[in-house]
Amino acid sequence: MSNRVKEINRIGVFTSGGDAPGMNAAIRAAVRTALYNGKKVTGIYHGYQGMIEDSMFDMTSRSVSSIIQKGGTVLKTARCLEFRTEEGRAKAYENIRKAGIDALVAIGGDGTFTGAEIFSREYDIPVVCIPGTIDNDLNGTDLTIGYDTANNTVIDAIDKIRDTAASHNRLFFIEVMGRDSGCIALNAGVAGGAEAILLPEKDTAIDELIEMLEHAADRNKSSMIVIVAEGDKNGGASNVAKRVNEKFDYYDTKVSILGHLQRGGSPSSADRVLATRMGYTAVNELLKGNNRVTIGIRGSNMVTTPLEEALSKKELKLNEDLVEIAKIMAF
């Protein structure tokens, strides 16, 4: 974190990496907070790629009208390999200076944060990052933008699948996103009443899973649902289903991979409020002279964490109490 206050007249706002519901609410809050404080705002299309390609435009309060309820990101997003090179970052810097940008608000995940930290140090550009990812796998915050909405989407899908599973005496393996984090799988699994949940953070052998399913079958359950996090070490829902089916054929087995529908849809009320608070806080932190920090929420309070610390320290976000509760609820 830098204590030296640089004069900021124009703030650049961009989204990068995977999209997440609520990003638009964060854009809206950052833009309007900056304008309220007498600053100008430049929108950068397609994240770091837009910096390199000089794809930027002036933003007004009207630019962010009627976007708070929309999923995705109106600024678009991209993954940019060129920005990982010194030449690419030099081109990006040349274009943001030409646009008169004095500071940046970056919305995205750990790849976005890494790029922002390197860029800020190389060119002394003040930057504040906002955590936007459905995976809820970033340090420095209890929750990331998009996580609550993704959970609700998964729970809605589980409820619908449960209806057809019960009608046909079926065992469903449902694969959910989250990369190397089991947050979505665990929370949606508990809320959806799953009989078993496979998590990247926990080693669950196939034999152990079969034992759990046999125990449930002995209690004459008409259907069963197993939630499989995409980062689970058993190799995804399809592979798990195949291996289970070889030894346990009591139920008709089906696989449902929810995929990218988890990233879409209108953001929940919780995500809209969280994103708005984060966008507002990000701009105010920049104007106070804070630099190279990420915005987060701890309990109900907004906090900042130095980017270097957020990127170097790994937090285990899995709620161990919830893991135990999931086991008991499936009894």
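On a predicted model such as this, the values are computed, not experimentally measured, just so you know.

**Concerning the UniProt feature "binding site: ATP" (unreviewed entry) in the protein**
Line of reasoning, step 1. Taking the UniProt record as the reference, the feature "binding site: ATP" (unreviewed entry) is found at Gly18, Arg79, Cys80, Gly109, Asp110, Gly111 and Thr112. These annotated residues cover 95 residues of sequence, and their C-alpha atoms lie no more than 13.6 Å from one another, placing them together at a single site. When the annotated set is filtered for residues lining the largest pocket, what remains is Gly18, Arg79, Cys80, Gly109, Asp110, Gly111 and Thr112.
Line of reasoning, step 2. Judged by relative accessible area, Cys80 falls into the buried class, the value being 10%.
Line of reasoning, step 3. Beyond its immediate sequence surroundings of up to four residues, Cys80 is in contact with Tyr48, Gln49 and Ile52.
Line of reasoning, step 4. Position of Thr112 among the secondary structure elements: in helix H4 (residues 110-123).
Line of reasoning, step 5. On the basis of relative accessible area, Thr112 is assigned to the buried category, the value being 2%.
Line of reasoning, step 6. Not counting residues up to four positions away in its chain, the partners in contact with Thr112 are Phe14, Ser16, Gly17, Tyr48, Ala106 and Ile107.

**So, helix H5 (residues 147-168)**
Line of reasoning, step 1. For H5, with 22 residues, the first-to-last C-alpha span of 32 Å sits near the 32 Å given by 1.5 Å per residue.
Line of reasoning, step 2. All of the buried residues in H5 are Tyr147, Thr149, Ala150, Asn151, Thr153, Val154, Ile155, Ala157, Ile158, Ile161, Arg162 and Ala165.
Line of reasoning, step 3. Turning to H5, the residues buried within the fold contact strand S6 (170-176), helix H6 (183-191), strand S8 (224-229), strand S9 (252-257) and helix H9 (269-287).
Line of reasoning, step 4. Backbone geometry just after H5 places Asn169 at a positive phi near 55°.

Basis of the calculations
- Residues numbered from 1 in each chain as written.
- Predicted model: local features only at pLDDT ≥ 70, side-chain atom pairs only at ≥ 80, totals over all residues.
- Heavy atoms only, no water.
- UniProt positions renumbered as here; feature names shortened; annotations may be inferred.
- 1 Å grid on protein atoms, 1.4 Å probe; cavity = no way out; pocket = protein on both sides within 12 Å on 5 of 7 lines; lining within 4 Å.
- Buried < 20%, exposed > 50% of the residue type's maximum accessible area, 1.4 Å probe, protein only.
- Contact = heavy atoms within 4.5 Å.
- Helix = DSSP H or I, 4+ residues; strand = E, 2+ residues; numbered from the N terminus.
- Expected span 1.5 Å × (residues − 1).

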